[in-house]
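Examining the three-dimensional arrangement
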Amino acid sequence: MPKPKVYATHPLFEEARQILEAACDIEYWTNEERPPRDEVLRRVKDKEGLICLLTEKINDEFLRAAPKLRIAANVAVGFDNIDLDACTKRGVVATNTPGVLDETTADFAWTLMMAVARRLGEGEHLARSGNWKGWNLDQLCGSDVWGKTLGIVGFGRIGRAMARRALGFQMKVLYTDAVKAPADVVQALNAEYRDMNSLLAESDFISLHVPLTPETRGLFDAPKFYRMKPTAFLINTARGPVVDEAALVAALDAGKIAGAALDVYENEPFIHPGLKRPNVVLAPHLASASTETRTKMAVIAANNVVALFKGQMPPNMLNASVLKKA
Ligand code: DGY
């Protein structure tokens, strides 16, 4: 029996490659740069499986180019790059990698929050510049994090991991979400529910942890920034388009908020030039980027693909109805 043909738009990691190579005839994109769209479309013509990153759009055009495709396994928990309806219509299973990146992502959201509050970007720049003249009493004074109020928008696994870290910093934790968290969770995390407007008005730091959906696209717009404290900071490790970047820049220009720390952008890898300022910390979409976590993500994607070809339910199906219909 020939092995099913699979295309991976990245070389993945050794552990994931071993899982895939035992069960599939796999071809990888190995260049450092992301593959051009037409190259991917050409490669997937005869493939039954795909392992892709969030930089690949899996839409109707893609699926037309891959008529034999049975599974698209995203190496990410977010799946706004995948048109689930289009996959379902064509009987293609889509999967993601939930659960393994929550703590790593929360670590990084905290890294950003600390960095912007304590002006680490500016400090590092000064230390490397050769212009540092030595200790001074009012040099690069930032804001305390400990004891402040952290507002969490989206209280799922990552939002809760963010809250758990705040316990050690004696912070007041507020959260808002479409669904209120169970009482035991709220109690363990010492968190309080607020509606969005109250959270905006009360928080010193606001950290976003919502998926990108039609409802959350542009969620943080001008009126939201105008409701925040002028001393407050916005942290975004969720998805760039959740924030209206032009409105954020206008709010920073007008001093409506104190600063921002961003890992994600509206049109990656483009970064709005108005965000390149001292009171904004910028990272290139790194929140889950620890070797341990990225390896786990690749292994999960590999296991999803192999499960399907073994006739099993892939553990992380996003459109289970595809297999139920079959
Ligand atoms: C995801 O998984 O959705 C991240 O953005 C990449 O880790």
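Residues numbered from 1 in each chain as written. Predicted model: local features only at pLDDT ≥ 70, side-chain atom pairs only at ≥ 80, totals over all residues. Heavy atoms only, no water.

1. Some points on the overall build of the chain
In terms of helices and strands, the chain carries 13 helices and 12 strands. In summary, the chain has a C-alpha radius of gyration of 22 Å against a globular reference of 20 Å for 326 residues, a match within 12%. Principal-axis analysis of the C-alpha atoms gives the chain an extent of 75 × 50 × 30 Å. Taken over 326 residues, the chain has a buried fraction of 48%. Within the chain, counting contacts between residues at least 6 apart in sequence, those at least 24 apart form 59% of the total. As presented, the chain carries roughly 15,900 Å² of accessible surface, and 54% of it is formed by carbon and sulfur atoms. Of the side chains in the chain, 40 bear a positive and 39 a negative charge, and the two mean positions are spaced by 2 Å. (Helix = DSSP H or I, 4+ residues; strand = E, 2+ residues; numbered from the N terminus. Rg over C-alpha atoms; globule rule 2.2 N^0.38 Å. Buried < 20%, exposed > 50% of the residue type's maximum accessible area, 1.4 Å probe, protein only. Contact = heavy atoms within 4.5 Å. Areas by Shrake-Rupley, 256 points an atom, 1.4 Å probe, with all protein chains shown as cover. Lys, Arg positive; Asp, Glu negative; His and termini not counted. Charge placed at Lys NZ, Arg CZ, Asp CG, Glu CD.)

2. Overview of the pairing of strand S11 (residues 259-262)
Moving residue by residue along a regular strand, the side chains alternate between the two faces of the sheet. Alternating residues of S11 divide into Gly259 and Ala261 and Ala260 and Leu262, and every residue in both groups is buried. Relative to S11, strand S10 (residues 233-236) runs parallel, the two sharing four bridges. The partner of asparagine 236 across the bridge, within S11, is leucine 262. The β-α-β motif built from S10, the intervening helix H11 (residues 245-253) and the parallel element S11 has right-handed crossover chirality. Direction of pairing for S11 relative to strand S12 (residues 280-282): parallel, over a ladder of three bridges. Note that in S12 the partner of leucine 262 across the bridge is leucine 282. (Pairing = 2+ DSSP bridges. Right-handed = clockwise from strand over helix to strand, strands pointing away.)

3. A word on the site of the ligand
Every residue near the ligand is listed here: Leu54, Ala76, Val77, Gly78, Leu101, Arg239, His285, Ser288 and Met297. At 2.8 Å, a backbone N or O of glycine 78 approaches an oxygen atom of the ligand. Within the contact set of the ligand, an oxygen atom lies 2.7 Å away from a side-chain nitrogen or oxygen of histidine 285. When the ligand sits alone it has 230 Å² of accessible area, and the protein chains cover 90% of it. Its residues assigned to classes, the shell around the ligand comprises five nonpolar, three polar and one charged. (Near = heavy atom within 4 Å. Polar contact = N/O pair within 3.5 Å; in protein donor to acceptor, adjacent residues only side chain to side chain. Nonpolar A, V, L, I, M, F, W, Y, C, P; charged D, E, K, R; others polar.)

4. Details of the pattern of salt bridges
Side-chain pairing between opposite charges can occur once the charged atoms of the two side chains come close. By the definition in use, this model includes 22 salt bridges. Notably, a salt bridge pairs arginine 239 with aspartate 80, separated by 2.9 Å at the nearest N-O pair. Linking arginine 239 in the loop between S10 and H11 with aspartate 80 in the loop between strand S4 (71-74) and helix H4 (84-89), this pair joins segments that are 159 residues apart in sequence. By relative accessible area, arginine 239 is classed as buried at 13%. Aspartate 204 is paired through a salt bridge with lysine 229; the nearest N and O atoms lie 2.9 Å apart. Here the residue aspartate 204 occupies a position in the loop between helix H9 (196-202) and strand S9 (205-208), and lysine 229 occupies one in the loop between helix H10 (222-227) and S10, the gap between them amounting to 25 residues. Residue classification places aspartate 204 among the buried residues on the basis of a relative accessible area of 11%. (Salt bridge = Lys/Arg side-chain N within 4 Å of Asp/Glu carboxyl O.)

5. Remarks on the environment of lysine 68
In this fold, lysine 68 is placed in the loop between helix H3 (60-65) and S4. With 83 residues separating them along the chain, lysine 68 and glycine 151 place their C-alpha atoms 46 Å apart. The residues touching lysine 68, leaving out its near neighbours within four places in the chain, are Lys45, Asp46, Lys47 and Glu48.

6. Topic: the pairing of strand S7 (residues 172-176)
The element S7 is extensively covered by neighbouring structure, given that four of its five residues are classed as buried. Of the crossover connections in this fold, the one passing from strand S6 (residues 149-153) over helix H7 (residues 157-167) to the parallel S7 is right-handed. Relative to strand S8 (residues 191-193), S7 is paired through three bridges, and the arrangement is parallel. Looking at S8, one finds that leucine 174 is bridged to glutamate 192. Once the chain exits S7 it traverses helix H8 (residues 183-188) before rejoining the sheet at S8, and the crossover so formed is right-handed.

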